[in-house]
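Analysis of the macromolecular model
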Amino acid sequence: MIQVVLGKKGSGKTKRLIDLANEQLKVEHGDIVFIDDDKRYMYDLRHEIRFVNAGDYALDEHRSRDWFYGLLGGMLAINFDISVVYIDAFLKLVNNEDFADLEPLFAKLETLSKDNNCNFVISVSGDPQDLPEFITRYAI
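I will try to describe carefully the structure that is included in this document. (Residues numbered from 1 in each chain as written. Predicted model: local features only at pLDDT ≥ 70, side-chain atom pairs only at ≥ 80, totals over all residues. Heavy atoms only, no water.)

What about the overall build of the protein?
Regarding its fold elements, the protein presents five helices and five strands. Start at the N end of the protein and walk to the C end: the helices and strands fall as β-α-β-β-α-β-α-α-β-α. On C-alpha atoms alone, the protein measures out to a radius of gyration of 14 Å, which is about the 14 Å that the 2.2 N^0.38 rule sets for 140 residues. Principal-axis analysis of the C-alpha atoms gives the protein an extent of 35 × 30 × 30 Å. Taken across its 140 residues, the protein has 46% of its residues classed as buried. In the protein, once contacts between residues fewer than 6 apart in sequence are set aside, the share between residues at least 24 apart is 68%. Accessible surface, the protein: about 7,600 Å² in total, of which carbon and sulfur atoms supply 49%. (Helix = DSSP H or I, 4+ residues; strand = E, 2+ residues; numbered from the N terminus. Rg over C-alpha atoms; globule rule 2.2 N^0.38 Å. Buried < 20%, exposed > 50% of the residue type's maximum accessible area, 1.4 Å probe, protein only. Contact = heavy atoms within 4.5 Å. Areas by Shrake-Rupley, 256 points an atom, 1.4 Å probe, with all protein chains shown as cover.)

This is the structure:
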């Protein structure tokens, strides 16, 4: 399952994502991963949550939808116990500002989620009224 936290820049998406991840520890039996583009919020998460600074794994110019999908696929391939992945700064991580280009990625993420029994909770910056339906249908 995919869930998306929508909002404009500065609307509190990251704080909400961190709170959701920390609360998930109370009910989740699998591993929880939090992916961000830098280490800024690493210490806001409980220590049981695996923090991944994606910035350590690709230079800005190499970030792409395919790179990001490969990063997620690699994580799930090596650790079958991951049950939830929280993704902050999604648009920066996929190096994409054109929402229409993201529809194939969302379809692939949906399949990856089902095939690996793993949920993705993603923060997407933008005015919810201007975002396409393939993103807003996942809004929480």
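A look at the packing of aromatic side chains
As enumerated under the stated definition, the model contains seven aromatic pairs in all. Within the aromatic cluster, the residues linked to one another by ring pairs are Trp67, Phe68, Phe90, Phe106, Phe134 and Tyr138. When the ring centre of Tyr69 is taken as origin, the NZ or CZ atom of Lys108, which lies over that ring, is 4.4 Å away. (Phe/Tyr/Trp six-rings, centres within 6.5 Å; stacked < 30°, edge-to-face > 60°. Lys NZ or Arg CZ within 6 Å of the ring centre and 35° of its normal.)

Things to note about the sheet that holds strand β3 (residues 50–53)
Pairing is parallel in the open sheet, where five strands are placed in the order β1-β5-β4-β2-β3. For this open sheet the edge positions go to β1 (2–7) and β3, each flanked by a neighbour on one side alone. Within the sheet, the average angular offset between the axes of one strand and its neighbour, ignoring direction, is 15 degrees. Note: strand β2 (residues 31–36) against strand β4 (residues 82–87), five bridges, orientation parallel. Looking across to β4, one finds that Val33 is bridged to Val85. Contacts from helix α4 (residues 103–116) reach β1 and β5 (119–125) within the one sheet, and its direction differs from that of β5 by about 155 degrees. (Pairing = 2+ DSSP bridges. Axes fitted to C-alpha atoms, helices over the stretch in contact; angles between N-to-C directions.)

What about the nonpolar core?
Formed by 35 residues in total, the largest nonpolar core has its most connected members in Ile35, Phe68, Ile87, Phe90, Phe106, Phe120 and Val124. Taken together, the elements giving at least two residues each to this core come down to β1, β2, α2 (65–78), β4, α3 (90–93), α4, β5 and α5 (133–136). Apart from the residues within four sequence positions on either side, Phe68 is in contact with Ile35, Ile87, Phe90, Leu93 and Val94. (Core = buried A, V, L, I, M, F, W, Y, C linked by side-chain atoms within 4.5 Å.)

So, the side chain of Asn53
Checked against the element boundaries, Asn53 lands in strand β3. Engagement of the side chain of Asn53 in a polar contact is seen with the backbone nitrogen of Asp38, the distance being 3.4 Å. A distance of 3.0 Å separates a polar atom in the side chain of Asn53 from the backbone nitrogen of Gly55. Beyond its immediate chain neighbours, meaning those up to four positions away, Asn53 contacts Asp36, Asp37, Asp38 and Lys39. (Polar contact = N/O pair within 3.5 Å; in protein donor to acceptor, adjacent residues only side chain to side chain.)

Observations concerning the pattern of salt bridges
Two side chains carrying opposite charge are able to pair once their charged atoms lie near each other. Enumeration according to the criterion identifies eight salt bridges in this entry. As a salt-bridge pair, Arg46 and Glu48 come within 2.9 Å of each other at their nearest N and O atoms. Judged by its relative accessible area of 38%, Glu48 is partly exposed. Between Glu133 and Arg137 there is a salt bridge, and its shortest N-O distance comes to 3.4 Å. Bridged by salt links that share partners, the residues Asp37, Asp38, Arg40 and Lys92 form one connected network. (Salt bridge = Lys/Arg side-chain N within 4 Å of Asp/Glu carboxyl O.)

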